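# A look at the structure
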Amino acid sequence: MKTLILFASLLLPALACALPAQIPAAPALAARSYLLYDYTSNQILVNQNGGERMEPASLTKLMTAYLAFDALKRGTLSPEQSLIVPAAAVRNTGGESRMLLKAWQTVTVNELLRGLIVPSGNDAAITLAINIGGSEAGFVDLMNKEAKRLGMNNTHFANPVGLPDAQHYSSAYDLALLAAAIVRDFPQHYPLFALRDYTFNNVTQASRNRLLWIDPHADGMKTGYTETAGYCLVGSATRDNRRLISVLLGASSDSLRATESQKLLNYGFQYFDAVRLYKKDQPVTRLRIWKGTESHLEAGFRRDLFLAVPKGAIAQLKATVETHQPILAPVGSGQQLGTLKLTLGGKPYAEFPLLALDNAPLANVFSRGWDSIRLLFQ
């Protein structure tokens, strides 16, 4: 079981390390694949088969929701806009979850989003997909382009609802990426995932996410099930302004996917603290720059840097800075100048790219020549 590697699509990968002796191993869960992601510190705390391609079932609708939120952001949809339900959306192959739409009725985008997220309506997903992408196939193309942009390298979609298909797959790691992107990019819409029920046309349907009932800290996100995929759940919870996201695939029952996900979340909250190491734009070090208008530049991070650390182990954390010398101008703000490497108890723990906090333009020819001479003696 791997522990504590940085989320590669957002930060540079770090080395895995052994947990301190006082921290118990992550719980072994009754599922084919699971992963625990610390959204606050941008770290994976638990990873069991997280990179394996698996059937995502209705967790697919997280991408459907993401693209709908994006359409709202871009203005191609509006919340109160009425859409016509296409006949293709109300097909019923038996056992599909539905919002209970009728062909050719009009329904608002707000209603469709709730029908998509709470009762996991396939009819709501297809209605949104056709109106956003022009067709289901057009929308699937958008899904795959967005998956690629987000770094979901083990994901390919074949439909907007999650029906089984040989070319429809994802992984726990990729689904954590997608869940984190929803939280990060569309915080104004995220509260939809905390709704316990939704009433449409006088019919009330409950969310299938049992975490919303059994865990007072849970506020999302989405369930999925097919006979071949088993019971799946992307969960999320916050405590003390810290958010964890769990992904569990292939459990054997509805209740088990919730209780096992709760074990995963509890493990992260109970045995790890999220420590803020540096504030956004706080200088971490000052580095020598050659052939530039500035002789030194401060390096740091463009956002607050948090690190998940086993409880009671913060004193064992040590930091070093590595750079590739010499650093030559021009240097742009945000350019990587080095790496902050952290050890815990003398073992590699995590690493982060150090970024220039300002610009260092190229100096005039005389200054550059003088620095060239000085570099000969360095």
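None of the values given here were measured: they were computed from a predicted structure.

Here the focus is the overall build of the chain. Counting secondary structure elements, the chain contains eight helices and 17 strands. Projected onto the principal axes, the alpha-carbon positions of the chain cover approximately 80 × 50 × 35 Å. The buried share of the chain, reckoned over its 378 residues, is 52%. Residue pairs in contact within the chain that sit at least 24 positions apart in sequence constitute 66% of those at least 6 positions apart. Element-wise, carbon and sulfur atoms account for 51% of the exposed surface of the chain, whose accessible area totals about 16500 Å². Distance between charge centroids for the chain: 4 Å, based on 37 positive and 30 negative side chains.

Another aspect to go through is the pairing of strand 16 (residues 336-344). Of the pairings in the sheet, the one linking strand 15 (residues 317-323) to strand 16 comprises seven bridges and is antiparallel in character. Residue pairing in the sheet places Thr320 in a bridge with Lys341 of strand 16. As defined by bridge partners, strand 16 adjoins strand 17 (residues 347-356) across eight bridges and the pair is classed as antiparallel. In the sheet register, Leu340 faces strand 17, and the bridge partner there is Phe352.

The next thing to look at is the nonpolar core. Judged by nonpolar contacts, the single largest core of 66 residues is most densely connected at Met63, Phe69, Leu128, Phe193 and Val234. If we skip the residues at most four places from it in the chain, Phe193 touches Leu62, Ala65, Phe69, Ile117, Ile182, Leu212, Asp219, Gly220 and Met221.

Turning our attention to the pairing of strand 10 (residues 242-251). With respect to burial, strand 10 is a largely interior element, 10 of its 10 residues being buried. Summarising the sheet, strand 9 (residues 230-239) and strand 10 pair through eight bridges and their orientation is antiparallel. Its bridge partner being in strand 10, Tyr231 is matched across the sheet by Ala251. Linking two consecutive strands that pair antiparallel, namely strand 9 and strand 10, is a turn of two residues; a positive phi of about 55° is found at Asp240 within it.

Once the charged atoms of two side chains with opposite charge are near each other, the side chains can pair. One pass over the structure, following the stated rule, counts 13 salt bridges. Lys263 is the salt-bridge partner of Glu260, the closest N and O atoms lying 2.7 Å from each other. Taken together, the positions of Glu260 and Lys263, both in helix 7 (residues 254-271) and three residues apart, correspond to about one turn of that helix. On the basis of relative accessible area, Lys263 is assigned to the partly exposed category, the value being 43%.

This part is about the sheet that holds strand 15. Strand order across the open sheet formed by five strands is 12-13-17-16-15, with antiparallel pairing between neighbours. Both outer strands of the open sheet, strand 12 (285-288) and strand 15, are each paired with one neighbouring strand and no more. Neighbour-to-neighbour, the strand axes of the sheet open up by a mean angle of 35°, direction not taken into account.

Here the chain averages 92 in pLDDT, while 93% of its residues score no lower than 70. Contacts of residues 1-17 to residues separated by more than four positions or lying in other chains number 63 contacts, the stretch itself having pLDDT below 50.

What follows concerns the side chain of Thr60. Relative to the assigned elements, Thr60 resides in the loop between strand 3 (43-48) and helix 1 (61-74). Among the residues examined, Thr60 registers a relative accessible area of 0% and is labelled buried. Of note is the side chain of Thr60, whose polar atom sits 2.7 Å from the backbone oxygen of Ala57. Apart from residues lying up to four places away in sequence, Thr60 is in contact with Met143, Phe157, Asn159, Pro160, Val161, Gly162 and His168.

Let us now look at the packing of aromatic side chains. In total, this model carries 10 aromatic pairs according to the counting rule given. The interplanar angle of 50° and the centroid separation of 5.4 Å between the aromatic rings of Tyr267 and Tyr271 together place this pair among those described as tilted. Of this pair, Tyr267 and Tyr271 both sit in helix 7, four residues apart, which is roughly one turn of that helix. Looking at Tyr267, the relative accessible area reads 4%, which means it is buried. Summarising the aromatic geometry, the rings of Phe301 and Phe352 are spaced 6.4 Å apart at their centres and angled 80° between planes, so their arrangement reads as edge-to-face. Of the two residues, Phe301 is situated in the loop between strand 13 (296-300) and strand 14 (305-310) and Phe352 in strand 17; the sequence distance between them amounts to 51 residues. Judged by relative accessible area, Phe301 falls into the buried class, the value being 6%. If you follow Arg288 out to its NZ or CZ, it ends over the ring of Trp290, 3.9 Å from the centre.

Conventions used here
Residues numbered from 1 in each chain as written. Predicted model: local features only at pLDDT ≥ 70, side-chain atom pairs only at ≥ 80, totals over all residues. Heavy atoms only, no water. Helix = DSSP H or I, 4+ residues; strand = E, 2+ residues; numbered from the N terminus. Buried < 20%, exposed > 50% of the residue type's maximum accessible area, 1.4 Å probe, protein only. Contact = heavy atoms within 4.5 Å. Areas by Shrake-Rupley, 256 points an atom, 1.4 Å probe, with all protein chains shown as cover. Lys, Arg positive; Asp, Glu negative; His and termini not counted. Charge placed at Lys NZ, Arg CZ, Asp CG, Glu CD. Pairing = 2+ DSSP bridges. Core = buried A, V, L, I, M, F, W, Y, C linked by side-chain atoms within 4.5 Å. Salt bridge = Lys/Arg side-chain N within 4 Å of Asp/Glu carboxyl O. Axes fitted to C-alpha atoms, helices over the stretch in contact; angles between N-to-C directions. pLDDT = per-residue confidence, 0-100. Polar contact = N/O pair within 3.5 Å; in protein donor to acceptor, adjacent residues only side chain to side chain. Phe/Tyr/Trp six-rings, centres within 6.5 Å; stacked < 30°, edge-to-face > 60°. Lys NZ or Arg CZ within 6 Å of the ring centre and 35° of its normal.

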